[in-house]
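Reading the structure
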Amino acid sequence: MFEVMFSALWAMLTSPSIMGLMLVGVFIGLIVGVTPGIGGRLSIALAIPFVFGMDKVAGAVFLLTMHAVNGTSGQISSIMFGVPGDGDDAATTIDGYPMAKKGEAGRALGASITASGFGGIVGACVFAFMIPVLEPVVLSFSPAEFFLLAILGITFIAFLSGGDNIFRGIIVGLFGMILATIGMDPTSGVARYSGEFLFLWDGLSLVTAVLAIFAVPEMIALGSRGGSIAAVSSTQARFSFRQIFEGVMEVPRHWWLALRTSIIGALIGMVPGLGGSAAAWMCYGHAVQTSKTPERFGKGAVEGVIAPETASNAKEGGSLLPTLFFGIPGSSGMAVLMGAFLILGIQPGPAMLTENLPLVWTLIWALVVGNLIAICFLLFVVRWAAMLTFINGAVIVPFILMLVVIGAYVSEGRWENLVILVLLSIIGYGLLKADWPRAPFVIGLVLGKIAEESLNKALGLWGMGFFLRPISLVLIGLIALTIGIAVWRQVKRARRSAAREIAA
Amino acid sequence: MKFKLGMAALTAVTVAAAGAQAQQGADFYKGKTVNYIVATAPGGGYDTYGRLVAEYMQKYLLGSTFIVKNMPGAGHLVGANAIYASRPDGLTIGTFNTGLLYNQLMQLPAAKFDLTKMSWVGKAGSDPRVFAIAAGAPIKTWQDLLDQKQPVNFATAGVGSASYVETIILTKVLNLPIKMLTGYNGTEDMLAMRRGEIAGSIASRSSYDSFVANGYGRFIAQIGGDNKDVPQLASLVKDEKAKSLISLVQSQGDIARLTAGPPDIPADRLAALRAAFKSAMEDKEAQEKAEKLGRPLEPGYGDDVLKQIKDALNQSPETIALLKEAMSKK
């Protein structure tokens, strides 16, 4: 076992062609990551003609690293400008952008890049450890569990309501859940709230919604306020490698949180059916819920950057498992990757373990080494990128709004999304102005859909008794606990303020 | 003898004329960009075939640049409508699910196309349908399925999708003991079969081949294709009404992986597109690549494909009524 493991690493590190291709893969992956609207799967689809005829190990390493480091650079724009590249990055925006506004873009970037790399590496470790128990674990999650997991995620809304008013968060969350019902209902075949518009049949575009609710309002606010994104001057912010290094050190300081969210992320990635965005959001919710000072979140808490970043990168290692060993890809990105593997002559399936074990280890090591290269490279160049947050808003707002428009259009190639962008931006700006929380909206939108679809399936399969399965009961317990904690905190807060009033 | 010679000469002339026309059309494509629309997101069969076709058509349409554009949405309707509505200058072609045939047969308002009027370039492969059964299910043969006392769970994609339509019409007309569960997209049905919550699915053979090769399931019947390992459904059924519906499903699978453009593409350009498509399908490298992907090339060309489409759409009023009934009642 160990011999295969380390000989694979040695073979990889000593092969100039594999390492060269990995460097190219990391570089392309990072560039694709920062470009709004172009996802990892499209980059792999485009790369397929080039890997044809390549050595299978080199080709697989190239594609995998390209795919894996995508998320590491994706959050740069969500931290600096509040412009998330996709649904995963949106969770990073909630605390990353306020940090940039405080002049701590460097610290946020250092933390997020390190967290992302850390998550990727932990994800690879989870991959390695889970191989023996892959089957029972993956196969024990059915629609009933997906439904309850989604509900558990939705209950985190209670902790994301920012200030004193839990009801604002619930209202915004319900609004997101209502919008999640737009589209073709798979069980009745009815196109809901879609009118004559075919583009709404598949539901609201997540990227567009996220850009409208987070990015556009921030840019309007910046434009009308004047000045730069960072509210302090660049000299005050001590903007330097030191600040980035401080950010890097936040990850070991919060190592226990980072480890937990990485493992949760990898597990969510491993079980196909929940989707990538769910991992980042559930871990963000988990960070807030377990924090002793939840009121700091949304205002620039570094844990709010670390948790979603570790999760969204760790899930890559996890989602590779069912793809490689069942031959059943867990996400559309993995489906493209599997197609590319077939071209290279790698036949995913249970035989991978017996016939291709060295290749499996090479892929695990590629995830680790690729992430390390990405971290080092980004930490070095990001210093100049972060300087952009000190540029005058009048210069930068039009440029960023253009990025937003491109992102909303390119993600699905539909101009209609631009109309949605404008409409939802109005709501987003209203929420910002009134100081209502915006994160519950995305949670409602992402998890509401999963909850509904899984509930329909679970009811069809088992009827009303679907939740009487062991894992389901554990999840129900967790949901009850979460709600209990939320209510208790609310009551305590109400009492405290009442006592304060009496004292006054 | 004279007659034969005459025929040969005539054939030669027509072939030469077609060749000349194709050449004329081919000149048009020098320095031009062709949009190849794929009506799904990247990944999966349509995208794989689409990218392969685009790559090798570009090779044989000298001086042209093919750009693959993914236009997913509403179960291929968005992409198909876009191809149909595009300008017929020969610079926009694409691929979509032949299952849209059902939409046209049922005259659903969201289908804004007439498949018989489109400019058919060809088809790259066929995609026979199979009854795939999970390894853990007690159903080993077609007879076992018929003998089930309790309905068994079958997964389909959303209501209205091609997989739903096929499952419901076959279940109804063959009176199968099947309980349909909708909303299984992508590979969710395979995982559900592995978990044991779903007994089977009526799906395309190419997507289930590796599933079966890995020992997770088996095929008990097939519609279309020339594989010898699975009995043809038509041979297991006697009812004539059922046979006509089976042949509809079969023709749908036969023309899968099509390439078509909007109606009224100028004849010379269409000829050039068809010639390039043919050369692409005969390209050794393309064949090898397709084989590796588990998506072998079984090409069909131009008017032959159009004829197949017309035949498939030429269904008796009873069949259409049956389709509509199947869709309206659950």
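For the structure, see preceding data.
Residues numbered from 1 in each chain as written. Chains lettered and ligands numbered in written order. Predicted model: local features only at pLDDT ≥ 70, side-chain atom pairs only at ≥ 80, totals over all residues. Heavy atoms only, no water.

Right, let's get into the overall build of chain A. What chain A contains, in helices and strands, is 22 helices and two strands. Computed over C-alpha atoms, the radius of gyration of chain A comes to 22 Å, within 12% of the 23 Å expected from 2.2 N^0.38 for 504 residues, which places it in the range of a compact globule. Considering only C-alpha atoms, chain A reaches an extent of 75 × 60 × 50 Å along its principal axes. Within chain A, buried positions represent 59% of all 504 residues. Relative to all contacts within chain A whose residues are 6 or more apart in sequence, the contacts with residues 24 or more apart total 81%. Accessible surface for chain A amounts to roughly 19,400 Å². Of this, 71% is attributable to carbon and sulfur atoms. One way to put it: in chain A the 29 positive side-chain charges average out to a point 11 Å from where the 27 negative ones average out. (Helix = DSSP H or I, 4+ residues; strand = E, 2+ residues; numbered from the N terminus. Rg over C-alpha atoms; globule rule 2.2 N^0.38 Å. Buried < 20%, exposed > 50% of the residue type's maximum accessible area, 1.4 Å probe, protein only. Contact = heavy atoms within 4.5 Å. Areas by Shrake-Rupley, 256 points an atom, 1.4 Å probe, with all protein chains shown as cover. Lys, Arg positive; Asp, Glu negative; His and termini not counted. Charge placed at Lys NZ, Arg CZ, Asp CG, Glu CD.)

This brings us to the packing of aromatic side chains. Under the definition given, this model contains 18 aromatic pairs over all chains. Between tryptophan 255 of chain A and tryptophan 256 of chain A, the aromatic rings sit 5.9 Å apart at their centres with planes inclined by 55°, giving tilted as the arrangement. For tryptophan 255 of chain A, a relative accessible area of 52% gives the class exposed. Judged by relative accessible area, which is 48%, tryptophan 256 of chain A ranks as partly exposed. An aromatic cluster of three or more residues is present, and its members are Phe326 of chain A together with Tyr208, Phe211 and Tyr216 of chain B. Positioned over the ring face of tyrosine 184 of chain B is lysine 457 of chain A, at 4.6 Å from the centre of the ring. Directly above the aromatic system of tryptophan 462 of chain A lies the positively charged group of arginine 469 of chain A, at a separation of 4.5 Å from the ring centroid. (Phe/Tyr/Trp six-rings, centres within 6.5 Å; stacked < 30°, edge-to-face > 60°. Lys NZ or Arg CZ within 6 Å of the ring centre and 35° of its normal.)

What follows covers the sheet that holds strand S6 (residues 152-155) of chain B. Each strand in a sheet pairs with its neighbour through backbone hydrogen bonds, running either in the same direction (parallel) or in the opposite one (antiparallel). Residues and elements named next belong to chain B. A sheet is described by the order of its strands in space; here five strands give the open sequence S7-S6-S8-S5-S9, paired in mixed fashion. Since the sheet does not close on itself, it has two edges, and those belong to strand S7 (178-181) and strand S9 (217-223), each with one partner. Averaged over all neighbouring strand pairs, the angle between strand axes comes to 30°, with direction disregarded. Taken together, the four bridges between S6 and S7 define a ladder with parallel strand orientation. Bridge pairing in S7 places asparagine 153 opposite lysine 179. Lying over the sheet, helix H6 (residues 162-174) contacts strand S5 (129-134), S7, strand S8 (200-204) and S9, oriented at roughly 160° with respect to S7. (Pairing = 2+ DSSP bridges. Axes fitted to C-alpha atoms, helices over the stretch in contact; angles between N-to-C directions.)

Residues and elements named next belong to chain B. The end-to-end C-alpha distance of helix H13 (residues 302-313) is 17 Å, a good match for the 16 Å that twelve residues give at a rise of 1.5 Å each. Within the sequence span of H13, burial applies to Gly302, Val305, Leu306, Ile309, Ala312 and Leu313. Looking straight down H13, one finds its buried side chains confined to an arc of 125°; they lie on one side. Facing away from the buried side of H13, by more than 90 degrees, are the exposed residues Asp304 and Lys307. Contact partners of the buried residues in H13: helix H4 (100-105), strand S4 (119-123), helix H10 (240-254), helix H11 (267-282) and strand S11 (300-301). (Expected span 1.5 Å × (residues − 1). Arc of directions from axis to C-beta.)

All names here are of chain B. With burial as the criterion, each face of strand S3 (residues 92-95) is covered, one bearing Thr92 and Gly94 and the other bearing Ile93 and Thr95. When strand S1 (residues 33-38) meets S3, the two strands line up parallel, connected through four bridges. Residue pairing in the sheet places tyrosine 36 in a bridge with isoleucine 93 of S3.

Looking now at a nonpolar patch on the surface. All names here are of chain A. There is a patch of nonpolar side chains on the surface, built from Phe399, Met402, Ile406, Tyr409, Val410, Trp415, Val419, Val422, Leu423 and Ile426 and spanning about 970 Å² of accessible area. Examining the composition of the nonpolar patch, we find that five residues originate from one element, helix H19 (residues 393-410), more than from any other. Mapping tryptophan 415 onto the fold places it in the loop between H19 and helix H20 (416-433). When its relative accessible area of 56% is taken as the criterion, tryptophan 415 is described as exposed. (Patch = residues over 30% accessible without salt bridge, like charges linked within 9 Å, V, L, I, M, F, W, Y side chains within 5 Å. Salt bridge = Lys/Arg side-chain N within 4 Å of Asp/Glu carboxyl O.)

Mapping arginine 51 of chain B onto the fold places it in helix H2 (residues 45-60). Owing to a relative accessible area of 15%, arginine 51 of chain B belongs among the buried residues under this scheme. The sequence separation of arginine 51 of chain B and isoleucine 37 of chain B amounts to 14 residues, and the corresponding C-alpha distance is 9.7 Å. The residues contacting arginine 51 of chain B, other than those within four sequence positions of it, are Leu42, Ala45 and Leu46 of chain A together with Val68 and Asn70 of chain B.

Residue and element names in this part refer to chain A. When you line up the elements, serine 112 lands in helix H7 (residues 105-130). Since its relative accessible area comes to 0%, serine 112 is described here as buried. Excluding residues within four positions of it along the chain, serine 112 makes contact with Gln75, Ile79, Val305 and Glu309.

Residues and elements named next belong to chain A. As for its placement among the helices and strands, proline 470 is situated in helix H22 (residues 470-503). Overall, proline 470 belongs to the exposed group, its relative accessible area being 66%. Measuring from C-alpha to C-alpha, the distance between proline 470 and tryptophan 201 comes to 36 Å, with 269 residues separating the pair along the chain.

On to the interface of chain A and chain B, then. Interfaces are often sized by the accessible area lost when the parts come together. Facing 39 residues of chain A, the contacting portion of chain B comprises 41 residues. In this assembly, chain A packs against chain B so that about 3,400 Å² is buried in total across both faces, 62% of it on carbon and sulfur atoms. Three residues, Phe52, Ile328 and Lys457 of chain A, lead the burial of chain A against chain B; their summed loss comes to 18% of the area buried on that side. Where chain A packs against chain B, one counts two salt bridges. Run the count over chain A and chain B and you get seven residue pairs in polar contact (both at pLDDT 80 or more). Breaking the side of chain A that touches chain B down by element, the ones donating at least two residues are helix H3 (40-51), helix H8 (134-139), helix H9 (143-155), helix H15 (303-326), helix H16 (332-344) and helix H21 (439-462) of chain A. Looking at the side of chain A that touches chain B element by element, the count peaks at five residues for H3 of chain A. Of the residues assigned to the side of chain A that touches chain B, the class counts are 26 nonpolar, eight polar and five charged. (Buried area = accessible area lost by both parts, 1.4 Å probe. Polar contact = N/O pair within 3.5 Å; in protein donor to acceptor, adjacent residues only side chain to side chain. Nonpolar A, V, L, I, M, F, W, Y, C, P; charged D, E, K, R; others polar.)

Let us look at H16 of chain A. An α-helix turns once per 3.6 residues; consequently, residues spaced three or four apart project the same way. All names here are of chain A. For H16, with 13 residues, the first-to-last C-alpha span of 19 Å sits near the 18 Å given by 1.5 Å per residue. Among the 13 residues that make up H16, eleven are buried, leaving the element largely enclosed by the rest of the structure. Considered for burial, the residues of H16 that qualify are Gly333, Met334, Val336, Leu337, Met338, Gly339, Ala340, Phe341, Leu342, Ile343 and Leu344. In the stretch just after H16, glycine 345 is the one whose phi turns positive, near 95°.

In this section: the pattern of salt bridges. Residue and element names in this part refer to chain A. Applying the stated criterion across every chain, the model contains 25 salt bridges over all chains. Residues arginine 438 and glutamate 218 are paired through a salt bridge, measuring 2.8 Å at the closest nitrogen-oxygen approach. Taken together, the positions of arginine 438 in the loop between H20 and H21 and glutamate 218 in helix H11 (residues 206-225) put the pair 220 residues apart, joining distant regions of the chain. Each member of the pair, arginine 438 as well as glutamate 218, carries the same accessibility label: buried. One network of salt bridges, in which partners are shared, links Glu104, Arg107, Glu250 and Arg253.

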